[in-house]
Amino acid sequence: MCRALKVLCAAPDGDRLLELKRAAASVHWELVRGALDLDELVRQVDQLRPDVVVIDAGIGTDAALRVRERMPNARIVSVGGALDGQTTAAELGTLKEAILRLPPPAGPVRS
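Residues numbered from 1 in each chain as written. Predicted model: local features only at pLDDT ≥ 70, side-chain atom pairs only at ≥ 80, totals over all residues. Heavy atoms only, no water.

(A) Spotlight on the overall build of the protein chain. Each helix and strand in the protein chain was counted, giving 4 helices and 5 strands. In the protein chain, the succession of helices and strands from N to C terminus is β-α-β-α-β-α-β-β-α. Taking 13 Å as the expected radius of gyration for a compact globule of 111 residues, we find that the protein chain reaches 12 Å, a close match to that expectation. Counting only C-alpha atoms and orienting by the principal axes, one finds that the protein chain spans roughly 35 × 30 × 20 Å. Within the protein chain, the proportion of its 111 residues that are buried is 43%. Taking contacts inside the protein chain between residues at least 6 apart in sequence as the whole, the part at least 24 apart equals 53%. Carbon together with sulfur atoms contributes 52% to the accessible area of the protein chain, which is approximately 5900 Å² in total. The centroid of the 15 positive side-chain charges in the protein chain is displaced by 8 Å from the centroid of its 15 negative side-chain charges. (Helix = DSSP H or I, 4+ residues; strand = E, 2+ residues; numbered from the N terminus. Rg over C-alpha atoms; globule rule 2.2 N^0.38 Å. Buried < 20%, exposed > 50% of the residue type's maximum accessible area, 1.4 Å probe, protein only. Contact = heavy atoms within 4.5 Å. Areas by Shrake-Rupley, 256 points an atom, 1.4 Å probe, with all protein chains shown as cover. Lys, Arg positive; Asp, Glu negative; His and termini not counted. Charge placed at Lys NZ, Arg CZ, Asp CG, Glu CD.)

(B) Structural detail: the sheet that holds strand 5 (residues 88-90). Read across the sheet, 5 strands follow the order 2-1-3-4-5 without closing on themselves; strand pairing throughout is parallel. In this open sheet, the two strands that pair with only one neighbour each are strand 2 (29-35) and strand 5. In this sheet, neighbouring strand axes are inclined to one another by 25 degrees on average, regardless of whether the strands run parallel or antiparallel. Bridge count between strand 3 (residues 52-56) and strand 4 (residues 75-79): 5 bridges; the pairing is parallel. Residue pairing across strands places Val 52 opposite Arg 75, the latter belonging to strand 4. Relative to strand 2, helix 1 (residues 14-24) is tilted by about 175 degrees, and along the sheet it contacts strand 1 (5-10), strand 2, strand 3 and strand 4. (Pairing = 2+ DSSP bridges. Axes fitted to C-alpha atoms, helices over the stretch in contact; angles between N-to-C directions.)

Structure, rendered in structure tokens:
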């Protein structure tokens, strides 16, 4: 059975996380929980195995690297600045388009 893409957002505070989630909301994918620090981001990546991770640069420049340690082929979008590790950059106003332009996952997405 196929399912919608899972998108996980991470930001350094609740207000910014809410901004990211509002900017990323779409009928094309499912937004899952959300992380407010690097340790929680890693825990949620391990638990939820998101298809896309949206990271606000304020959470730490090594956040993408930590995600890639857990999911080497992670599709990551950075918002608000550059992160260490290969990411796609976007601003709030272009976040949905950046997610849509990401390469598809390898193989079928299954639940």
